[in-house]
Amino acid sequence: MSEVSRRDFVAAGAVLAGAASAAGLGVQEARAQGGFQAATSAVPGGPDGLAREKRGPGIQGIHAICEVTGGGEKVYGIAAEYDVDIDPASLTLDTYGAGVFPAAKGFVAGMPQSTDKNATTARAAARTVAAIYTNAEPGLRPDRKSVAGRYVVAEFQHDFDLSIPTTDSDKVSLTQNRAVKTVAGAVYAASSTVWSNAGQRGNSVVIRGVDAWEQSHWWWDDTRSAGLEYSIYLPKGFLQPGGENRAYPLVLAVTHSGTSYDGTCAQTLTEQCIASIWSLPEEQEHHECVVITPRYERTTMNDYWEHTYDVENTYRLVEKLLSNTWNYGNPNLPDRADKVLKIDPKRVYCTGWSMGAMTSLWLMAKHPETFAGGLIIAGQQRPSDVVSLAHQNVLIITGTEDNKATAWNEKCLPVWEQAGAKVTRPTERLDPALIFPVSDQDKLTAQVDGHLAKGGNITFLTFQSVDHMGSARKFFYIKAARNWLFRQTKA
């Protein structure tokens with residue numbers, strides 16, 4: 001691959017494959033991931049909420065169960081949807097033959113000129129089923145234990161290192177190789193039928209932490225004929241009765257330029273975990289918040305320190321939310337229709353990677369009264385443009401092999417110190433091997449918290465042997481960094 005500027009990324013594939021590629025496939029009508037406009041409702045018939053006629057006894061269709069990781073969107077399992085509840089005692093690890101179609105040749109999540117990952121001509125690659133259980137919905141269960149339901153989930157083994165780049169499309173196949181019993185005692189015999197999740201409107205895909213977002217919202221200013229497309233995650237607390245009476249923290253997550261140009265709102269949520277990590281159930285359990293991420297039609301910040309009007313429009317969007325007049329939740333869903341969203345003005349945060357980090361630094365510098373803290377992953381600015389950050393709370397994380405972000409932030413440090421900042425810049429270079437698995441970060445947390453405890457309002461940490469792309473894939477998983485952000489409050 002030729003050398004490119006980090007802000008030359010263009011959108012990677014989001015147009016999904018259409019009809020099944022071979023006759024005889026059990027094709028299910030499904031929504032195209034990247035085309036849906038809002039959070040879906042839990043209406044019987046499938047994850048898209050569309051009622052559909054039963055196909056007769058047995059499998060009705062299949063769904064790819066995906067997870068957005070630092071390395072992009074990966075298939076973590078397949079859910080076989082039946083017409084009635086299935087007896088989990090009838091299931092074994094070899095009940096199904098499962099396959100995932102590899103991403104098309106040339107696809108690299110978030111990279112320039114990347115091809116549509118679903119435009120693949122390769123055959124499905126077999127996946128070993130690591131766990132099998134029934135569920136009431138097409139999704140993974142953390143305990144991998146069966147509950148009553150008509151979905152059978154064939155879950156695959158996952159890489160514990162969430163930074164490994166994906167090689168998956170989101171097109172899958174499934175055959176039922178052994179008989180399955182229903183709760184009522186009926187037997188569905190094994191079959192040679194090959195099922196696919198491809199349909200006339202795209203592949204049927206369920207993405208944990210992403211499907212709950214409302215996509216393709218618009219902020220606009222008629223006085224300037226200006227607009228900005230964005231997606232928003234509304235926390236569960238807000239969707240509960242009376243939830244509109246509380247004020248919530250706000251996270252502005254600005255993605256990289258790979259999601260600009262001909263990209264979609266879906267790509268800002270699936271190409272990297274920059275925005276979607278904040279909406280994961282386990283993150284919301286600890287830090288319930290509203291999350292917004294813009295979709296730009298161009299690079300907002302270039303390597304010459306120039307920016308487009310989308311940067312200020314992004315701030316205008318934040319202002320709109322801070323005005324506590326936002327009531328544009330999906331009008332077809334009663335848990336949010338006509339509710340007015342309230343934001344806690346003391347807890348507004350920004351974060352981003354690469355171009356998104358540059359944009360975050362600029363917004364914090366130009367609007368110092370707004371943001372309680374910023375988590376800046378591999379971004380930089382011209383020192384003279386960000387002097388006002390000296391009096392704000394900023395955590396900057398880079399890799400030693402990132403010769404732009406690391407070098408430019410080093411140049412900013414004396415400028416901030418001269419302007420009154422207390423800077424923590426340890427000489428120690430942290431070990432990226434301590435990030436994964438995310439369930440075992442005790443040593444890393446102690447190191448990061450130790451540096452943060454030194455009292456610097458600006459802390460600059462660098463990890464050994466990590467390059468620019470690696471920073472996006474790894475650093476958002478640092479729990480201590482995310483926890484630090486939510487501890488910041490405005491006076």
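The coordinates are above.
Structural notes, computed from the coordinates. (Residues numbered from 1 in each chain as written. Predicted model: local features only at pLDDT ≥ 70, side-chain atom pairs only at ≥ 80, totals over all residues. Heavy atoms only, no water.)

**Some details on the packing of helix 7 (residues 442-452) against helix 9 (residues 479-487)**
So, step 1. Where helix 7 contacts helix 9, the axes come no closer than 9 Å and their chain directions differ by 35°. In contact with Thr445, Val448, Asp449 and Leu452 of helix 7, helix 9 contributes Ala480, Trp484 and Arg487.
So, step 2. Grouping the amino acids of the contact of helix 7 with helix 9 by side-chain chemistry returns four nonpolar, one polar and two charged. (Axes fitted to C-alpha atoms, helices over the stretch in contact; angles between N-to-C directions. Helix = DSSP H or I, 4+ residues; strand = E, 2+ residues; numbered from the N terminus. Contact = heavy atoms within 4.5 Å. Nonpolar A, V, L, I, M, F, W, Y, C, P; charged D, E, K, R; others polar.)

**A short note on the packing of aromatic side chains**
So, step 1. For the structure shown, the criterion picks out ten aromatic pairs.
So, step 2. Pairing Phe436 with Tyr477 gives two aromatic rings, centres 5.5 Å apart and planes at 65°, and the pair type is edge-to-face. Of the two residues, Phe436 sits in the loop between strand 21 (423-424) and helix 7 while Tyr477 sits in the loop between helix 8 (468-474) and helix 9, which places them 41 residues apart along the sequence.
So, step 3. Its relative accessible area of 7% is what places Phe436 among the buried residues.
So, step 4. When its relative accessible area of 7% is taken as the criterion, Tyr477 is described as buried.
So, step 5. Residues Phe463 and Phe475 carry aromatic rings whose centres are separated by 4.8 Å and whose planes lie at 35° to one another, so their mutual orientation is tilted. You can see Phe463 sitting in strand 22 (residues 458-463) and its partner Phe475 sitting in the loop between helix 8 and helix 9, a full twelve residues away along the chain. (Phe/Tyr/Trp six-rings, centres within 6.5 Å; stacked < 30°, edge-to-face > 60°. Buried < 20%, exposed > 50% of the residue type's maximum accessible area, 1.4 Å probe, protein only.)

**Focus: empty space enclosed by the protein**
So, step 1. Under the counting rule described, the total for this entry stands at two cavities of 30 Å³ or more.
So, step 2. Forming the boundary of the second largest cavity are Gly72, Glu73, Phe107, Ala109, Lys117, Thr166, Thr270 and Glu271.
So, step 3. Across the lining of the second largest cavity, the residue classes break down as two nonpolar, three polar and three charged. (1 Å grid on protein atoms, 1.4 Å probe; cavity = no way out; pocket = protein on both sides within 12 Å on 5 of 7 lines; lining within 4 Å. Points joined across faces, edges and corners; volume = space filled by probe spheres on them.)

**Describing the sheet that holds strand 10 (residues 195-196)**
So, step 1. One open sheet accounts for four strands, arranged 4-3-7-10; its pairing is antiparallel. The open sheet has two edge strands with one neighbour each: strand 4 (125-127) and strand 10.
So, step 2. Where strand 7 (residues 168-176) and strand 10 come together, two bridges link them in antiparallel fashion. Looking across to strand 10, one finds that Ser173 is bridged to Ser196. (Pairing = 2+ DSSP bridges.)

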